[in-house]
Amino acid sequence: MSSENTIKKFNEHVIQSYGRYPLAMKQGSGRRCEDEDGKQYIDFGSGIGTNSLGYCDEKWADAVCAQVRTLQHNSNYYYTQVQADFAERLCAIAGYDKVFFGNSGAEANECAIKVARKYSFDKYGKGRHTIITLVNSFHGRTIATLSATGQDVFHNYFFPFVEGFVNVEANNIDDLKAKLEDKTVCAVMLEYVQGEGGVNKLDKDFVDAVYELCAPKDILVIADEIQTGVGRTGKFLAGDHYGKKADITTLAKGIAGGIPMGACLVNEKLAGVLTAGTHGSTFGGNPIACAGGLAVLDRIESKGFLDDVCAKAEHFRTRLEKCSEVAGVSGLGLMIGITLKSKKAADVAKAALDKGLLVLTAKEKVRLLPPLTIEVSEIDAGLDLLFEILEE
Ligand SMILES: Cc1ncc(COP(=O)(O)O)c(C=O)c1O
């Protein structure tokens, strides 16, 4: 089938809640994919940070296929070894006591919100439920995570939103201090690098202040590492760059290498908060996703892998900063935001497609989230295409 036929059928039957580019993707291998018309693309987007090992990585695919042929799913009424193995490895590498598995970032954040509110309810009673989130944050598309998201543009149509979220300006310690005076606050939720909000890294002073001000008041810190986690920034968690360990960390996107999974990791203090019947998810911790997750962890824990991510990130930055159209490069590791001098990010992303390069945007920036396995030669080939557009 050609892209045109697929697009026609698609638009007849799929709710059009996305602005899509007019092409249908057919297959991928490594860091390259191909559309139904045979056009090839270098991928600097990795399915919005999900294909951490690129397309159809052999060991990952073997692990996933073996699991599909053994036990694809039963339910959380029963135990499975693969979920136990993945939970053990994930908690160990991330430095947490326990994990709850869901299927997406929003679901992981829903779990984090529930853990924070129930912890506070169990200990302090009703009313201490407010969660501070940051202006320009993005926490998901469910009603609660939209309510948590600190961007007015998302607070439309779906009224009423969920109560109990207050926003603080990112990096504004005075604003944080003032809002923390409210006795109903139970948690602060942050992204160390705001992804959808424009690939902006939080200042170290601000992050330090969050932890210092919250601890004495028993206010929990929730790190939404859905975009920054699982090696994306060159460390397993972006919090490691700040020397911080949140009470709760949420992960999704690249965690299972392109299979839907979300995880809410909690420290020892919170390990017993959710009791039988208080939370659940039919597909959460699905064996196939866990097998994919184990294959991702195998690679991330292999010798030198994260150092390579850092070196490749440096290579990206060095080359980008030399481009005459680039006004600035933001982000951390292989989470890269490019501020342009005169061109529009959306136009650049579209022109990149024509050249055979997939890039993303975030607000007014071009955003790159390449597979963590990308090779320097592929970075160079992709950047050559990008610079043809930027410097023309
Ligand atoms: C930081 C952050 N939190 C939450 C989400 C929501 O994740 P999902 O789309 O898997 O629900 C995203 C997705 O972009 C994200 O970047």
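Participant: Explain the packing of aromatic side chains to me, please; I cannot follow it from the model alone.
Facilitator: The description of two aromatic rings rests on the distance between their centres and on the angle between their planes. Following the criterion strictly, the structure yields 7 aromatic pairs and no others. Arranged with centres 5.6 Å apart and planes meeting at 20°, the rings of Phe86 and Phe101 form a pair that is stacked. Placement of the pair is Phe86 in helix H4 (residues 81-94) and Phe101 in strand E4 (residues 98-102), with a sequence separation of 15 residues. A single burial state applies to Phe86 and to Phe101, both of which are buried. On the basis of an interplanar angle of 25° and a centroid distance of 5.0 Å, the ring pair of Tyr192 and Tyr242 is categorised as stacked. Here Tyr192, found in the loop between strand E7 (185-190) and strand E8 (193-194), pairs with Tyr242, found in helix H9 (residues 239-242); they are 50 residues apart in sequence, far enough to count as distant. Taking the relative accessible area as the measure of exposure, Tyr192 reaches 1% and is therefore buried. Overall, the relative accessible area of 7% leaves Tyr242 in the buried class. Note that Arg117 overlies the ring of Phe165, its terminal NZ or CZ placed 5.1 Å from the centroid. Positioned above the aromatic ring of Tyr124 is the side chain of Arg128, whose terminal nitrogen or guanidinium carbon lies 4.1 Å from the ring centre.

What counts as what
Residues numbered from 1 in each chain as written. Predicted model: local features only at pLDDT ≥ 70, side-chain atom pairs only at ≥ 80, totals over all residues. Heavy atoms only, no water. Phe/Tyr/Trp six-rings, centres within 6.5 Å; stacked < 30°, edge-to-face > 60°. Helix = DSSP H or I, 4+ residues; strand = E, 2+ residues; numbered from the N terminus. Buried < 20%, exposed > 50% of the residue type's maximum accessible area, 1.4 Å probe, protein only. Lys NZ or Arg CZ within 6 Å of the ring centre and 35° of its normal.

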